[in-house]
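Structure at a glance
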Amino acid sequence: MKVTELQPVIISSSRFVGKDIQTPLAVTVIDQTRLQTGQSKLSMFDALGAVPGVFAMNSENFAQDLRISIRGFGARASFGIRGLKVVMDGIPESIPDGTAKVGNLDMGLMERMEVIKGPTAGLYGNASGGVISLFSETPKTFFAEAQATFGSFGFQRLQFKTGQEIGKVTYFLNASRLTSTGYRNHSALERNFFNGKVIYKFSDKSNLSVLMSYVDSPKAEDPGGLTQADIDKDRRQARQVNIDYNAYETFKQSKLALIYDQKIGEKHQINARAFYLNRDFNSQQATKDNGQIAFKRDFSGGGFNYQFTEKKYRLKAGLDIENQQDNRQRYDNLLGERGILKLDQIESFSNIGTFILQEYTFNPQFRLSLNTRFDDIQLKISDKFLTDGDQSATQSFQRFSPMLGFSFAPTVNQSIYTNISSSFETPSLNELSNNPLNTGGFNPDLSPQKSRNFELGYKGILSKKLRFDLALFTIEVQDEIVPYQIAGQAGRTFFRNAGLSNRKGIEAGLTYKILTGLTTYLNYTLSDFAYKEYQTTAGKFDGNTLPGIPKHNIYSEFRYFDKSGLFGIVQLRSISKIYADDANTVTNDGYFTANVRLGYRKQIGALTLEPFIGINNLTNTVYNANVQINATANRYFEPASGSFLFGGISVRAF
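To keep things clear, this report deals only with the structure shown in the data block. (Residues numbered from 1 in each chain as written. Predicted model: local features only at pLDDT ≥ 70, side-chain atom pairs only at ≥ 80, totals over all residues. Heavy atoms only, no water.)

Attention now moves to the pairing of strand S29 (residues 500-515). Of the pairings in the sheet, the one linking strand S26 (residues 466-478) to S29 comprises 13 bridges and is antiparallel in character. Directly across from Thr474, in S29, lies its bridge partner Lys504. Taken together, the 15 bridges between S29 and strand S30 (residues 518-533) define a ladder with antiparallel strand orientation. Residue pairing across strands places Ser501 opposite Tyr531, the latter belonging to S30. Where S29 folds back on S30, the antiparallel hairpin that results is connected by 2 residues, among which Gly517 adopts a positive phi of roughly 90°. (Pairing = 2+ DSSP bridges. Helix = DSSP H or I, 4+ residues; strand = E, 2+ residues; numbered from the N terminus.)

This paragraph deals with a nonpolar patch on the surface. On the surface, Leu404, Ile416, Ile420, Phe454, Leu456 and Leu472 cluster together to form a nonpolar patch covering roughly 500 Å² of accessible area. Sorting the residues of the nonpolar patch by element identifies strand S24 (414-425) and strand S25 (449-461) as the ones contributing at least two each. The exposure class assigned to Ile420 is partly exposed, which follows from its relative accessible area of 47%. (Patch = residues over 30% accessible without salt bridge, like charges linked within 9 Å, V, L, I, M, F, W, Y side chains within 5 Å. Areas by Shrake-Rupley, 256 points an atom, 1.4 Å probe, with all protein chains shown as cover. Salt bridge = Lys/Arg side-chain N within 4 Å of Asp/Glu carboxyl O. Buried < 20%, exposed > 50% of the residue type's maximum accessible area, 1.4 Å probe, protein only.)

Here we come to unusual backbone geometry. Notably, Asp65 is not glycine yet its phi reads approximately 70°, a positive angle. With respect to the secondary-structure elements, Asp65 resides in the loop between strand S4 (54-57) and strand S5 (67-70). The phi dihedral of Asn620 is positive, around 55°, even though this residue is not glycine. Mapped onto the elements, Asn620 comes out in the loop between strand S39 (607-616) and strand S40 (624-627).

Under the defined criterion, the tally for this structure stands at 39 salt bridges. Between Arg15 and Asp320 there is a salt bridge whose closest N-O contact spans 3.1 Å. Of this pair, Arg15 sits in the loop between strand S1 (10-11) and strand S2 (18-19) while Asp320 sits in strand S20 (residues 313-334), placing them 305 residues apart in sequence. On the accessibility criterion, Asp320 (9% relative accessible area) is buried. Between Asp320 and Arg273 there is a salt bridge, with its nearest N and O atoms 2.5 Å apart. Here the residue Asp320 occupies a position in strand S20, and Arg273 occupies one in strand S18 (residues 268-284), the gap between them amounting to 47 residues. You'll find Asp320 and Arg273 in the same group, each marked buried.

Next up on the list: the nonpolar core. Met44, Ile68, Met113, Ile132 and Leu134 are the most contacted members of the largest nonpolar core, which has 59 residues in total. When residues of this core are assigned to their parent elements, the largest contribution, 4 residues, is made by S4. Val9, Val29, Ile116 and Phe355 belong to the second largest nonpolar core, which has 14 residues in total. (Core = buried A, V, L, I, M, F, W, Y, C linked by side-chain atoms within 4.5 Å.)

With that settled, the discussion passes to the environment of Thr418. On the secondary structure map, Thr418 appears in strand S24. Each C-alpha atom, one on Thr418 and one on Gln535, is 34 Å from the other, the two residues being 117 residues apart in sequence. For Thr418, the contacting residues outside a window of four places in its chain are Pro24, Leu404, Gly405, Phe406, Phe454, Glu455 and Leu456. (Contact = heavy atoms within 4.5 Å.)

Moving on to the pairing of S5. Covered by surrounding structure in S5 are Arg67 and Ser69 together with Ile68 and Ile70, the residues of both alternating faces. Pairing geometry for S4 and S5, over 4 bridges, is antiparallel. Of the residues in S5, the one forming a bridge with Phe55 is Ser69.

This is the structure:
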C-alpha cells in the first residue's frame, strides 16, 4: 500500500489549504489505511498512539469517554475532551465551552485525521492544546461495504456503508452498531450510528455539502475508580457504590450542517456554513446528593470565510458564531431511582470570533504567517429552581489571540519553522456549574486559564524511504484549571485554578520504509510539565509534576502489506509512570503493551474480501486504563483489560 507519509501531504485544518511541510505548526496526518485497516474501530484510541505529543486514556469506560491530551492540555478532564478543538468535515464537534466527546464519532467512516499540536486559539478560539480534524470518506466511484467484527468481553461491531459520484452529486451513507459487555463488571455499552453526506456540484467552482448524523447510545455503564487494594483483590470488579447507584449515561444526538464553497475568479474564494446539533443526555453518578443529571442541549452556529490568493500572499478573514444552551436539571439519586429536584437552570455559552490569517511567501525558501483572532464570549445561567434563592449569573470574557509563525525551506521537502502564540481556555459550563458551595449558579472562584507558547521544529522528507519530524516547545500557563474531589462527593469532580505552570517538551517522529511493503514508524514524546506556583489548603505544590501525563511516551509501529494481499501490523507502546495527584504522592506505574493485527485482502471479481484478526495487549500486561486525578478515598485507578482478541471480515463491492 502507498505510504503517503513519505511525500508532502495536503492539509486544511490550519485553515489555509497547503502542504504540511510548509505549515509553521507541528502537524501529524493519519490516513484511512492506518485508521481503519485491521482495527477494531472501537474508539479513536488505537490511532492516536501514532501521533507524537498526544496521550489518550480512559479507552474502556465509555460512560466517561476517551480522554485525550495534547501537550498536557486535556489531561484534567474528568470525562471527554477538554482544551482541544475537535472538528468533523469542517463542522465543530467541540461545543463553545471547549469540551467534546469523541464517542459521537464512528471511526469506520474516517478517511483522514489531521492533528495540530500546540496552542491554536489564533485559529479556532477557545482551545489551548491543539486541533483534531477528521474527514469522512468521499467516494468517486460506486462501492458498498459490509463489515462484522466480534471480540472479547462481548464486543460486537456491525457496519454498512456505501457511496458514489453520479454526475453532479456525490453521496456517502454509513450505519453501524457497537455493543460490548465490558471487561469490568457494570461496564456494558450499546451505541448506534448513522451518518450521511451529500455534495452537489453546481459547477467546477461551487458546491454545496449537506452533512447529517445521528447517534443513539442507550447504555454506557460506569464501573468507577478503585483503590489499589481493590484492584489487587479483583481487577474486574466495579466499585460497589457505582453498582448500588446504577452509575451510567445515555444520550441521543442529531446534527445537520450545510457548507457552501465558491471560487470567484482565480484569486477569490468564499466559504459559508451553518449547523445545528441537539443532544438529549441523562446520567447517574455514584452519589445521592445531586447524583442524577439531565440536560437538553441546543448547539447552533455557522460562519463565513473570505480568502484572497496571490502568488506570494494569502489572506483569509472570517467570522465564527457558536451558541450553546443547556437546559440542565440535577436530582438526588436514590439508589438508581430519581429523587427530588435539586437544581434547574438554563445555561448558555455564546462565542463570536473574528479572525484574520495572513501568509507571506517572500521566496521559495522563506514563509511568514500571522494569525490574529478576537473572541467575545458570553456566559449566562438563568436559575429556575428558586427555593434556595436566585442563583442566576452572567460572565463575559474577551480575548485577543495572536500567532506569529516563520518557516525556512532549505529544500522542497524540508522545513525549519518556529512560532510564538498565546491561547486562552475558559472554564466549561460543567466546570462552572459544579459549584463546591453545592448551590446553583457559577463557581465564583474559577477563572479562565491563559498560556504563552514558543515552538521550534523541523520537518524533512530526506529520501524516498525516510521522513523525520521534530518539535521542541515551552508553554507557560497561568491560572491552570485543575480537578479535585471532595470527601463524601466522590462521584463529582470540582475545579480550581493553579497559579502558574510551565511545560517543556520534545516530540519526535520517524517514518522509514525498510523494504517494499514494510514500513516502520517510531515516535517519542518527552513531557517535562511542572507547577511553578500552586498552593491550596492541602499544601504547596511548587515544583511538582503535573498529574495525568507520562514524562516519557514511546510508540512504534511496523506495517507490512504483501502483493499477495496478506498484511500484518504490530503496535508497541511504552508509557512511563504517571502521577495521580498534585502532591505527587500517588503513582501509576509505567507499562508496555503490544498489539498485533493480521489480515488478508482478496479480490474476486467485483468483490473484495478482507478477513482480519487482532490482539490488543498481546503480552497480557497489567496496567490501568485511566487515572482519576486528585480522587478522594484513594480511588484513583480504573483497570485495563488483559489481552483483547477480535476478528472479523469486510466485504466490499465495486
